[in-house]
Amino acid sequence: MKALVYHGAGEKAWEDVPDAAIHDRTDAVVRVDAVTICGTDLHILGGDVPEVTPGRILGHEAVGTVTAIGSGVCTLAVGDRVLISCITSCGRCRYCREARYGQCLGGGGWILGHLIDGTQAEYVRVPFADNSTHPIPNGVTDEQMIVLADILPTSYEVGVLNGAVRPGDVVAVVGAGPIGLAAILTAQLFSPSRIVAIDLADSRLEAARKFGADIVVNNSRDDPAAVIAELTSGLGADVTIEAVGTPQTFDMAVRLVRPGGHVANIGVHGAPATLHLEDIWSKNLTITTGLVDTYSTPTLIGLVASHQLDTSPMITHRFALGDFEAAYDTFARAAHTGALKVLLTRSDS
Ligand SMILES: [Zn+2]
Ligand SMILES: [Zn+2]
């Protein structure tokens, strides 16, 4: 089969590799029908994720069709269409028993395209397949489903639910990339009074409006604190969601929240960020961080199937499965290409 293989920082190739096969009795092999690229994949290619070693097949988000199951797989059958979750779950460890699958101690967690071969391939081995895939309801397309592999549950769980968005809240989302946009989309499930999107790129702010932001602020020109002060009689936002992962954007998320409010950090940070406790110790803030657990994926699938959540505007560019070179280039130059999520599909699917 063919797969996208990591060959060290900056190096990757779509090349022949041994076929994906069952190793453990709880494995399934899934034919990849649609796959996407994550910002995390760019970090890996930048050499920022040293656990990913040369020879690794990249990718942790896909939709596909089961082609083989191990003897211990109970709930899947060959021919089933499944969503492959970015988080693998053993289902038995202490964290999995608490639905904190991202912290799995039994061999799961974020392993696909990280510690084991991933989904940017014609076929992929999925460990603990019963717990690590989700059946796709009839009538739901691969394209609608693929953003539920990672970005929607991430934004919903780590942003909206950790941030405890409530009806009537003023919610500020710092960063309007795919993760910030997914937070804007899913925050609306809780009827906030205003969603304020903050970004440096007008193209992203335009997308934020399409996804449901009421107010957009380009912080290269305007002061988000002044905009939020005006909306909230000077108090600050009820919830701020950090969806970038830099010291500056984290600081902004903390500065924009009202006393008693929630700061939900989703951003993946590569450098230390300063928490100004000397300013905020008395503000009764709740600050949360997290890796997605994907416990919300069945809920999100139900919302997509019932047309209460429209994920389709998230896919902006489409490619054939083998065309990773062009797909990565388009995704990596998102500021120029306007790419949110790029989709690669099998030619016959
Ligand atoms: Zn991802
Ligand atoms: Zn586990």
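Residues numbered from 1 in each chain as written. Chains lettered and ligands numbered in written order. Predicted model: local features only at pLDDT ≥ 70, side-chain atom pairs only at ≥ 80, totals over all residues.

A. Structural view of the domain arrangement of the chain. Domain annotation of the chain identifies domain 1 (2-150 + 294-345) and domain 2 (153-288). Between the C-alpha centres of domain 1 and domain 2 the distance comes to 28 Å. With 15 residues of domain 1 at the contact, the number on the domain 2 side is 13 residues. Grouping the amino acids of the side of domain 1 that touches domain 2 by side-chain chemistry returns eight nonpolar, four polar and three charged. (Domains from an automatic or database assignment. Contact = placed C-beta atoms within 7 Å. Nonpolar A, V, L, I, M, F, W, Y, C, P; charged D, E, K, R; others polar.)

B. Structural context of unusual backbone geometry. We note that A164 has phi near 55°; this positive angle belongs to a residue other than glycine. Tracing the sequence through the fold places A164 in the loop between α5 (151-161) and β8 (170-174). Judged by local crowding, A164 falls into the partly exposed class, with 15 C-beta atoms found within 10 Å. (Helix = DSSP H or I, 4+ residues; strand = E, 2+ residues; numbered from the N terminus. Buried ≥ 20, exposed ≤ 12 C-beta atoms within 10 Å, placed from the backbone.)

C. Summary view of the packing of helix α8 (residues 224-231) against helix α9 (residues 247-256). Contact pair α8 / α9: the axes reach a minimum separation of 10 Å and the direction vectors enclose 25°. With respect to each other, α8 and α9 are oriented roughly parallel. Crossing of α8 against α9: the hand is right-handed. Contacts from P224, A225 and I228 of α8 reach α9 at M252, R255 and L256. The class makeup of the residues in the contact of α8 with α9 is five nonpolar, no polar and one charged. (Axes fitted to C-alpha atoms, helices over the stretch in contact; angles between N-to-C directions. Parallel < 35°, antiparallel > 145°, perpendicular 65-115°, else oblique. Left-handed = near helix turned anticlockwise from the far one by under 90°.)

D. Region of the structure containing the pairing of strand β3 (residues 28-36). Counting buried positions along β3 yields eight of nine residues, so the element is predominantly enclosed. Pairing of β3 with strand β4 (residues 62-69), which is carried by seven bridges, proceeds in the antiparallel orientation. Note on β4: the bridge partner recorded for V32 is G64. Where β3 lies against strand β15 (residues 341-345), three bridges are found, and the strand directions are antiparallel. Across the sheet, residue A34 finds its bridge partner in β15, namely T345. (Pairing = 2+ DSSP bridges.)

E. Layout of the pairing of β8. Burial runs high along β8: five of the five residues are buried. Taking every second residue as pointing to the same face, both faces of β8 are buried, with V170, A172 and V174 on one and V171 and V173 on the other. Following the chain from β8 across helix α6 (residues 178-187) to the adjacent parallel strand β9 (residues 194-199), one finds a crossover that is right-handed. Two strands pair when backbone bridges link them, and β8 and strand β11 (residues 237-242) are joined in this way by four bridges, in the parallel orientation. The partner of V173 across the bridge, within β11, is I241. (Right-handed = clockwise from strand over helix to strand, strands pointing away.)

F. A look at the sheet that holds strand β13 (residues 286-288). Taken in spatial order, the six strands line up as β10-β9-β8-β11-β12-β13 in an open sheet, and their pairing is parallel. The open sheet has two edge strands with one neighbour each: β10 (215-218) and β13. Looking at each pair of strands side by side, their axes are set apart by 15° on average, direction ignored. Pairing geometry for β9 and β10, over four bridges, is parallel. Within the sheet, the bridge partner assigned to V196 lies in β10 and is I215.

G. Focus on the environment of G168. Secondary-structure assignment places G168 in the loop between α5 and β8. The sequence separation of G168 and H7 amounts to 161 residues, and the corresponding C-alpha distance is 49 Å. Ignoring any residue separated from it by four or fewer positions in sequence, one finds G168 in contact with P192 and S193.

H. Quick peek at the environment of T36. Structurally, T36 can be placed in strand β3. Linking T36 and E61, residues 25 residues apart in sequence, is a C-alpha distance of 6.0 Å. The contacts of T36, once residues within four sequence positions are left out, are E61, I146, K341, V342 and L343.

I. Molecular detail of the UniProt feature "domain: Enoyl reductase (ER)" (unreviewed entry) in the chain. What UniProt calls "domain: Enoyl reductase (ER)" (unreviewed entry) maps, in this numbering, to residues 8-344. Between the end C-alpha atoms of residues 8-344 the distance is 23 Å, and the span holds 28% helix and 23% strand. (UniProt positions renumbered as here; feature names shortened; annotations may be inferred.)

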